[in-house]
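# Structure at a glance
The lines below spell out each chain.
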Amino acid sequence: MMEQQDSCINPTEKRSELLQRLKGYSVKQYTSTDKGYEYLSEKSVCLKIENPNSNSNLLIELEEQGEFTLIFSYIHNHYSSDLEEYAELTNTIFDILENRIGCATLLSGEEKRWLGSTWIDKTEVNDSVKKIFAFVFKSKDFKNNIQNNGGQAEYEFWNPVDNKTIKIEKQQSIQRREIL
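Attention in this report is confined to the structure presented alongside it. (Residues numbered from 1 in each chain as written. Predicted model: local features only at pLDDT ≥ 70, side-chain atom pairs only at ≥ 80, totals over all residues. Heavy atoms only, no water.)

## Topic: the pairing of strand 2 (residues 45-49)
- Within strand 2, five of the five residues are buried, which leaves it mostly tucked inside the rest of the structure.
- Covered by surrounding structure in strand 2 are Val 45, Leu 47 and Ile 49 together with Cys 46 and Lys 48, the residues of both alternating faces. (Buried < 20%, exposed > 50% of the residue type's maximum accessible area, 1.4 Å probe, protein only. Helix = DSSP H or I, 4+ residues; strand = E, 2+ residues; numbered from the N terminus.)

Encoded structure:
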């Protein structure tokens, strides 16, 4: 039990360390007094790493006595306030910034209804959509939605040179089993 207490950290106390590690990137800091960030609690901070290649910035929220939140593209991940989760957070941040991973998102129909997002390793972009979004296709409703309406898989990386979009056509009932 003592080990667990020792590993607890206050996310806002990691701000200086993160800023030091992010030297060389354009990072802006926001608090609850800044327009658009009123949702933050009084002592919480949001670090916005501005993307020089696109409008897809990376946000890291440091919540006083709370958790860390990482936001990139459609992904919004929460990390608890312990050293192990903090290490996972920082690894993920630098995997994104170094273009090793990106956000994979499955959208349905012409209106592009969100069905799910996950991290994708750059080495996986040529894997089947069914494999990458296996967690989505487990839901019969979501699978039927894609089959009936079509859609697209979008892979978004920090450097958009690696971005990829895969169009998914509506399927005839006879073809469904073979394609998906």
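Having seen the structure, we can now continue with the description.
## A closer look at the sheet that holds strand 8 (residues 151-156)
- Pairing within the open sheet is antiparallel, and its four strands lie in the order 7-6-8-9. Among the strands making up the open sheet, the edge pair consists of strand 7 (113-121) and strand 9 (164-168). When strand polarity is set aside, the average angle formed by the axes of neighbouring strands in this sheet is 15 degrees.
- As paired strands, strand 6 (residues 101-108) and strand 7 are joined by eight bridges and run antiparallel to one another. (Pairing = 2+ DSSP bridges. Axes fitted to C-alpha atoms, helices over the stretch in contact; angles between N-to-C directions.)

## Examining helix 6 (residues 140-149)
- When helix 6 is considered as a whole, its buried residues turn out to be Asn 145, Ile 146 and Gln 147.
- Where helix 6 ends, the next residue or the one after it, Gly 150, has phi of about 70 degrees, a positive value.

## Looking at the environment of Leu 59
- As for its placement among the helices and strands, Leu 59 is situated in strand 3 (residues 58-62).
- The buried category is assigned to Leu 59, whose relative accessible area is 18%.
- C-alpha of Leu 59 to C-alpha of Ser 73: the two residues are 14 residues apart in sequence and 9.7 Å apart in space.

## Things to note about the packing of aromatic side chains
- The full count for this structure, using the stated rule, is five aromatic pairs.
- Centroid distance Phe 68 to Tyr 86: 5.3 Å. Interplanar angle 35 degrees. Geometry classified as tilted. Within this pair, whereas Phe 68 is found in strand 4 (residues 68-72), its partner Tyr 86 is found in helix 3 (residues 83-97), the two being separated by 18 residues in sequence.
- The class for Phe 68 is buried, based on a relative accessible area of 0%.
- With a relative accessible area of 5%, Tyr 86 lands in the buried category.
- One aromatic cluster in this structure is built from Tyr 30, Tyr 37 and Tyr 39. (Phe/Tyr/Trp six-rings, centres within 6.5 Å; stacked < 30°, edge-to-face > 60°.)

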